[in-house]
Amino acid sequence: MKRSTFSRRLTTALVTAGLALTACSSTGEAGGDAAGPFAVWDPYPQFDGSSEWAKVIEGCGARAGVEVERQAYDTSDLTNKVLLAAQQGTAPNVLVVDNPVVSTLAEGGVLKANQDTGLDASQASPNLVAAGESGGKTYGVPIGANTLALYYNKAVLAQAGVDPASLTDWASLDAALAKVTGVGKKGITFSAIGTEEGSFQFLPWFWGAGAQLTDLSSAQAVAAVELWKSWLDRRYAPNSVVGNTQTTSWQEFATGEYAFAENGTWQLGNAAELGFEYGVIPIPARDGGVAPAPTGGEFVTVPVQGQADREATAAKIAACLTGADTVLATDTALTYVSAIGSVRERQVAAKPELAVWVDAVQAAKVRTGDGLGTRYPRISQPLWTAVQAVLTGSKPAADALKDAQSAAASAK
């Protein structure tokens, strides 16, 4: 690849990601050096060198016959640093990165395609691999996935006479919320904050209504945001959802007053410490069945090194990190549902309560799918802006979503 072409593509990627070229300086890690340790960057600063994840990385380096040096960053900081490092020729050898970012990095020329490295994503579920597809090629392998479902308080539902197995569509969920509030309890809490978290939590209802991200103003999209608005109007949900993050909405559920909370697999550790019995059901689609929820989780990728031998070794490390014989320990540490079907079976055999999460992941969609790729951020922001406008009462749903569609269509 010519340097001028790479620079143009990388600049486009930086703009797409909303990052300034001067946002931070080079890390000084020479991932493309002819010799030296292999740099592995990941978005898990919560795991130190004694963690199971760190041990898996060391073991995969040993299998490949090289020394590895791991650096961990917050998710947004990682994207910023790797884009700048790639521009300066100091990208890491192996990069573990949030799945919506993969298409941006691929389009920017930062990542090597699997077809060029020999990395194989065929064991992973196609709906998860889709986040790594760009321009007819696949970049990296998903390490696992998390997604959203509805946690429920067993005691609250019992007091209201609600059978969770009966909650199979929007109408039955609405009826349950009416019963719960009718006995003096609170209904449902979720995150509708004006950030990507808000869009992430809204998408199961949006997709569950049959709406598509290519048409934010459809009748189905209007129905989804009107559902949320009706919950606030009828006091089934608190006004605090407008500013709630997924953490603060979980804290509301943890009070024991709420029947339901929309949240993810990452809360399973906290759920074990709630002090009351809980259950989990998939988010229902409007007319029945499981609503597609967005997938979270990361891909293990091989950035461009400019040296075929180091790229080949990096691919061996990446393959080890995502292989069926090693990924179970990582997915367990991250509370992820595995991207590999045989590993998911082992997870459910060990913990049957994970079965509902497996169902949710199998029905899930990637945010950058349907050919959206790097267009997704330019759609998500108008979407969360519209949801905020409707929930705060500043615009009717149809008007807010019409404006959102116009903004998404005109975004560069």
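What you see is a predicted model; the values in this text were computed from it and never measured.

Draft legend 1. Expanded view of the sheet that holds strand 6 (residues 141-142). With mixed pairing, five strands are arranged side by side in an open sheet as 2-1-3-11-6. Each having just a single partner strand, strand 2 (68-72) and strand 6 make up the two edges of the open sheet. Summarising the sheet, strand 1 (residues 38-42) and strand 2 pair through five bridges and their orientation is parallel. Among the inter-strand pairings, Val-40 is bridged to a residue of strand 2, identified as Arg-70. Along the sheet face, helix 2 (residues 52-63) touches strand 1, strand 2 and strand 3 (94-98) and points at about 150° away from the line of strand 2.

Draft legend 2. Layout of helix 11 (residues 246-253). Those residues of helix 11 lying buried are Gln-246, Ser-249, Trp-250, Glu-252 and Phe-253. Taken around the axis of helix 11, the buried residues stretch over an arc of 155°, which confines them to a single face. The N-terminus of helix 11 is capped by Thr-245, whose side-chain oxygen sits 3.2 Å from the backbone nitrogen of Thr-247.

Draft legend 3. Main features of unusual backbone geometry. The backbone of Arg-235 shows a phi angle near 60°, a positive value even though the residue is not glycine. On the secondary structure map, Arg-235 appears in the loop between helix 10 (219-233) and helix 11. Located in the positive-phi region is Thr-335, a residue other than glycine, with phi close to 50°. By secondary structure assignment, the location of Thr-335 is in the loop between helix 14 (327-333) and helix 15 (341-350).

Draft legend 4. Spatial organisation of the packing of helix 10 against helix 18 (residues 397-410). Two elements in contact, helix 10 and helix 18, have axes separated by 9 Å at closest approach and are oriented at 125°. By the angle between their axes, helix 10 is oblique relative to helix 18. The handedness of the crossing between helix 10 and helix 18 comes out as right-handed. In this structure, helix 10 uses Ala-221, Val-222, Val-225 and Glu-226 to contact helix 18, whose residues at the interface are Ala-397, Ala-398 and Leu-401. Residues belonging to the contact of helix 10 with helix 18 are distributed by class as follows: six nonpolar, no polar and one charged.

Draft legend 5. Spotlight on helix 2. Between its first and last C-alpha atoms helix 2 spans 16 Å; for twelve residues at 1.5 Å apiece the expected length is 16 Å, and the two agree. Listing the buried residues of helix 2 in full gives Trp-53, Ala-54, Val-56, Ile-57, Cys-60 and Gly-61. The buried side chains of helix 2 occupy one side of the element, clustering within an arc of 160° when seen end-on. Of the residues in helix 2, the exposed ones pointing more than 90 degrees away from the buried face are Ala-62 and Arg-63. Buried residues in helix 2 make contact with strand 1, strand 2, strand 3, helix 13 (308-322) and helix 14. Gly-65 sits one or two residues past helix 2 and shows a positive phi near 80°.

Draft legend 6. Layout of the environment of Arg-63. Tracing the backbone shows Arg-63 in helix 2. According to the relative accessible area criterion, Arg-63 is exposed, its value standing at 57%. Taking the C-alpha atoms as reference, Arg-63 lies 7.8 Å from Ile-317; in sequence the two are 254 residues apart. Apart from the residues within four sequence positions on either side, Arg-63 is in contact with Cys-320, Asp-325 and Thr-326. Polar contacts involving the side chain of Arg-63 include one to the side chain of Asp-325, which spans 3.3 Å.

Draft legend 7. Spatial organisation of the state of the cysteines. Tallied over the full model, the rule gives one disulfide. One disulfide bridge connects Cys-60 with Cys-320, the sulfur atoms lying 2.1 Å from each other. In this structure the cystine formed by Cys-60 and Cys-320 twists about its S-S bond by roughly -75°; its chirality is therefore left-handed. Linking Cys-60 in helix 2 with Cys-320 in helix 13, this pair joins segments that are 260 residues apart in sequence.

Draft legend 8. Structural context of the sheet that holds strand 10 (residues 278-281). Pairing in this open sheet of four strands is mixed, and the strands run 8-9-7-10 from one edge to the other. At either end of the open sheet lies a strand with only one pairing partner, and these are strand 8 (186-189) and strand 10. On average, adjacent strands in this sheet sit at an angle of 20° to one another, irrespective of strand direction. Two elements, strand 8 and strand 9 (residues 258-264), share three bridges in a ladder whose sense is parallel. When the bridges of strand 9 are listed, Lys-186 appears paired with Tyr-258. Seen against the sheet, helix 8 (residues 170-182) touches strand 7 (148-153), strand 8 and strand 9 and runs at an angle of roughly 130° to strand 8.

So, how was this worked out
- Residues numbered from 1 in each chain as written.
- Predicted model: local features only at pLDDT ≥ 70, side-chain atom pairs only at ≥ 80, totals over all residues.
- Heavy atoms only, no water.
- Pairing = 2+ DSSP bridges.
- Helix = DSSP H or I, 4+ residues; strand = E, 2+ residues; numbered from the N terminus.
- Contact = heavy atoms within 4.5 Å.
- Axes fitted to C-alpha atoms, helices over the stretch in contact; angles between N-to-C directions.
- Buried < 20%, exposed > 50% of the residue type's maximum accessible area, 1.4 Å probe, protein only.
- Arc of directions from axis to C-beta.
- Polar contact = N/O pair within 3.5 Å; in protein donor to acceptor, adjacent residues only side chain to side chain.
- Parallel < 35°, antiparallel > 145°, perpendicular 65-115°, else oblique.
- Left-handed = near helix turned anticlockwise from the far one by under 90°.
- Nonpolar A, V, L, I, M, F, W, Y, C, P; charged D, E, K, R; others polar.
- Expected span 1.5 Å × (residues − 1).
- Disulfide = S-S within 2.5 Å.

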